[in-house]
Amino acid sequence: MTAVRVAVIGLGTVGQGVVRLLKNNAAEIARRVGRPLVVTQVSSRDPHKARDCDLSGITVVGDALQIAREADVDVVVELIGGISPARELIEAALARGKPVVTANKALLAEHGNRLFAQARKAGVSIGFEAAVAGGIPVIKAIREGLAGNRIERLAGIINGTCNYIVTQMQEKGQSFADALRDAQKLGYAEADPTFDIEGLDAAHKLTILASIAFGMPLDAKSVAVEGITKVTPQDIQIAQVFGYRIKLLGIAKRSGQGADAGVELRVHPTLIPETTLLAKVDGVLNSVLIRGNAVGEVGLYGRGAGGDATASAVVADLIDVARGLGADPRHAVPPLAFQPDAVQALPVLPMAAVASAFYLRLKVADEAGVLSKLTTILAAHDISVEAILQREPQGHEDAHVALITSVIEQGRFDHALAEILRLPFVREGAAMLRVEKFD
Ligand code: NDP
Ligand code: HSE
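Everything numeric in this text was worked out from a predicted model, so none of it was measured.

Q: Can you tell me about the site of ligand 2, naming the residues and giving the values?
A: Close contacts around ligand 2 come from Lys105, Asn159, Gly160, Thr161, Tyr188, Ala189, Glu190, Asp196, Asp201, Lys205, Gly304 and Ala305, and that covers them all. Between an oxygen atom of ligand 2 and a side-chain N or O atom of Lys105, the distance comes to 2.5 Å. The side chain of Lys205 places a nitrogen or oxygen atom 2.8 Å from an oxygen atom of ligand 2. Burial of ligand 2 by the surrounding chains reaches 94%, relative to a free accessible area of 250 Å². Contributing elements (two or more residues each) for the shell around ligand 2: helix H7 (160-172) and helix H10 (200-214). Taken together, the residues of the shell around ligand 2 sort by class into 3 nonpolar, 4 polar and 5 charged.

Q: Before we move on, could you go through the domain arrangement of the protein chain and cite the residues and values that matter?
A: For the protein chain, the assigned domains are domain 1 (4-137 + 308-342), domain 2 (138-301) and domain 3 (351-435). With centres defined by C-alpha atoms, the gap from domain 1 to domain 2 works out at 26 Å. Between domain 1 and domain 2, the residue contacts involve 24 residues of the former and 28 residues of the latter. Contact between domain 1 and domain 2 buries roughly 2100 Å² in total, counting both sides, with carbon and sulfur atoms accounting for 64%. Three residues stand out in domain 1 for area buried against domain 2, namely Lys105, Val132 and Ile136, and they jointly supply 26% of the buried area on that side. Counting across the interface, domain 1 meets domain 2 through 3 salt bridges. The partner of Asp320 in a salt bridge is Lys140, and the shortest N-O contact between them spans 2.6 Å.

Q: Can you break down helix H12 (residues 307-324) residue by residue, with the values?
A: Taking 1.5 Å as the rise per residue, H12 with 18 residues should run 26 Å; its terminal C-alpha atoms sit 26 Å apart, in good agreement. Three or more residues of H12 are buried, namely Gly307, Ala309, Thr310, Ala311, Ala313, Val314, Val315, Asp317, Leu318, Ile319, Val321 and Ala322.

Q: Any chance you could break down the nonpolar core for me, citing the residues and the numbers?
A: Nonpolar side chains in soluble globular proteins tend to be buried together. Among the nonpolar cores identified, the biggest contains 80 residues, and Val138, Leu209, Ile228, Leu271, Ile290 and Tyr359 are the most heavily contacted of them. At 9 residues, the largest contribution of residues to this core is made by H10. Setting aside residues up to four positions removed in sequence, Leu271 forms contacts with Ala239, Tyr244, Arg245, Ile246, Tyr359, Ile404, Leu433, Arg434, Val435 and Glu436. Among the nonpolar cores identified, the runner-up in size contains 30 residues, and Val8, Leu21, Ala130 and Leu318 belong to it.

Q: A description of the pattern of salt bridges should follow, citing residues and the corresponding values.
A: Oppositely charged side chains are able to pair whenever their charged atoms sit close together. Using the criterion set out here, one finds 30 salt bridges in the structure. A salt bridge links Asp282 to Lys247; the shortest N-O distance between them is 2.8 Å. Here Asp282 is found in the loop between strand E10 (262-273) and strand E11 (285-292), whereas its partner Lys247 is found in strand E9 (residues 244-255), with 35 residues between them in sequence. Taking the relative accessible area as the measure of exposure, Asp282 reaches 22% and is therefore partly exposed. Its salt-bridge partner being Arg427, residue Asp398 comes within 3.7 Å of it at the nearest N-O pair.

Q: Any details on the sheet that holds strand E3 (residues 59-61)? Residues and values, ideally.
A: Read from one edge to the other, the open sheet built from 6 strands follows the order E3-E2-E1-E4-E5-E6, with strand pairing classed as parallel. With one partner strand each, in any of the chains shown, E3 and strand E6 (126-127) form the two edges of the open sheet. In terms of strand pairing, strand E5 (residues 100-102) meets E6 through 2 bridges, oriented parallel. Among the inter-strand pairings, Val101 is bridged to a residue of E6, identified as Gly127. Contacts between helix H4 (residues 86-95) and the sheet are confined to strand E1 (4-9), strand E4 (75-78), E5 and E6, with E5 contributing the most and set at about 155° to the helix.

Q: Any chance you could break down the site of ligand 1 for me, citing the residues and the numbers?
A: Around ligand 1 there are 22 residues in total, and Val14, Arg51, Gly187, Glu190 and Gly306 lie nearest to it. One of the backbone N or O atoms of Gly12 is found 3.0 Å from an oxygen atom in ligand 1. At 2.9 Å from an oxygen atom of ligand 1 is found a main-chain nitrogen or oxygen belonging to Thr13. Relative to its unbound accessible surface of 890 Å², ligand 1 loses 83% to contact with the protein. Residue composition of the shell around ligand 1, by class: 8 nonpolar, 8 polar and 6 charged.

Q: Please give an account of a nonpolar patch on the surface that cites residues and values.
A: Residues Phe195, Leu200 and Val225 make up a contiguous nonpolar surface patch of about 200 Å² in total accessible area. Along the polypeptide, Phe195 turns up in helix H9 (residues 194-197).

Q: Can you lay out the packing of aromatic side chains for me, pointing to particular residues and giving the numbers?
A: Applying the stated criterion across every chain yields a total of 4 aromatic pairs. Taking 6.5 Å as the distance between ring centres and 80° as the angle between the ring planes, the aromatic pair formed by Phe242 and Tyr359 counts as edge-to-face. A residue pair is termed long-range when its members are at least 10 positions apart, and Phe242 in helix H11 (residues 233-242) and Tyr359 in strand E13 (residues 355-364) qualify at 117 residues. Taken as a pair, Phe242 and Tyr359 share a single burial class, namely buried.

Analysis parameters
- Residues numbered from 1 in each chain as written.
- Chains lettered and ligands numbered in written order.
- Predicted model: local features only at pLDDT ≥ 70, side-chain atom pairs only at ≥ 80, totals over all residues.
- Heavy atoms only, no water.
- Near = heavy atom within 4 Å.
- Polar contact = N/O pair within 3.5 Å; in protein donor to acceptor, adjacent residues only side chain to side chain.
- Areas by Shrake-Rupley, 256 points an atom, 1.4 Å probe, with all protein chains shown as cover.
- Helix = DSSP H or I, 4+ residues; strand = E, 2+ residues; numbered from the N terminus.
- Nonpolar A, V, L, I, M, F, W, Y, C, P; charged D, E, K, R; others polar.
- Domains from an automatic or database assignment.
- Contact = heavy atoms within 4.5 Å.
- Buried area = accessible area lost by both parts, 1.4 Å probe.
- Salt bridge = Lys/Arg side-chain N within 4 Å of Asp/Glu carboxyl O.
- Expected span 1.5 Å × (residues − 1).
- Buried < 20%, exposed > 50% of the residue type's maximum accessible area, 1.4 Å probe, protein only.
- Core = buried A, V, L, I, M, F, W, Y, C linked by side-chain atoms within 4.5 Å.
- Pairing = 2+ DSSP bridges.
- Axes fitted to C-alpha atoms, helices over the stretch in contact; angles between N-to-C directions.
- Patch = residues over 30% accessible without salt bridge, like charges linked within 9 Å, V, L, I, M, F, W, Y side chains within 5 Å.
- Phe/Tyr/Trp six-rings, centres within 6.5 Å; stacked < 30°, edge-to-face > 60°.

This is the structure:
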């Protein structure tokens, strides 16, 4: 039986995981494919660098472009990340008619439309299961398992680094900086962890999910993004008193009717009731809830980052590619779930029009009438208060008031907040977070 020859470009956390997995599970994988899947080439900029995988029998090549162009390679796996040279390498492989597997959500969210078009022309596939939620097979679940549904909503924890950080802050009282350092050591974070903590990585993943769920083109710029850098231990603790957990969520949701119909695409730290499924997803684990109009709610859960978990998704794509080698590409599953000529742009709602409840924490001077003035302003904007907490001043510190509002469009809440912040007893340092109940 001729082996399927795999080239791996990028021998970092995920690349080494892929080499390990293909060796460790070689027999099981060959039984699934019908022939062996063998890594024949890997790229390495530094041949002396120690790698946590067995490279015996594998040709190590310094020039990644050489691998992408190599004649005796059946499939190219791109695992270096970032835009350039990853994009050029993938283009080079596609130009030579080679299928590609990648975990690179940044590249796909930014340049995926063109890359998928090039792949289609070349009659080859781009597998990208590992680009969203690490080892969770969420792409295949939406694209194939839920293909009979109109997807109404997706919501999930889709960045392992952020979830690890907020969990460590909540459970262990660890500082943000220490938790981030640990996430980097564990191989969860992006090469530039700003992408994780500022919500950009989750936004890239949400871009991909929204595209396969709603049949819209990939457009990373359409996602409203807020990261976790402003989430404080104090807010985590107050949220807990209110019965909530703070999680970085990605939410993609159909919204509005008729001429106002569109989608919400947003990534932000969110208070969610501690009794909900998502609130119990801790550490590096990710979870995605999908609501289809026939199936109802479907939940997926698993490791969202890390070498072995992500390798599981990469290898699943490799098996798909290997099974399809030589098959007529016209019968392949469309990579973005919808037929390319049926992909349609949808209006994306501005955040001002997006409704949610809000958590607000204010530092206030310790004087009489504070609560009544706050609630009067909120009531004037038709916002009711569902929960409120006042903390006495500690030593020289100001008092704190924290509250959770009723559901309101953000534009209207912002007007009320602007008035509140002008009150003379309100000090600098207010915190505002969105609240989602999932009921
Ligand atoms: P790492 O930083 O651990 O590894 C990247 C590898 O790419 C390194 O081995 C590096 O080579 C190589 N590399 C970087 N730049 C170049 C270049 N210009 N030419 C050739 N090789 C290069 O990244 P990860 O393994 O963590 O991530 C890889 C991809 O997988 C990214 O797209 C990431 O977003 C995605 N991903 C990562 C997950 C994770 O948990 N880590 C989970 C899901 C997706 P060298 O060692 O030779 O310096
Ligand atoms: N940095 C990413 C995360 C890797 O932490 O989720 C998985 O995509």
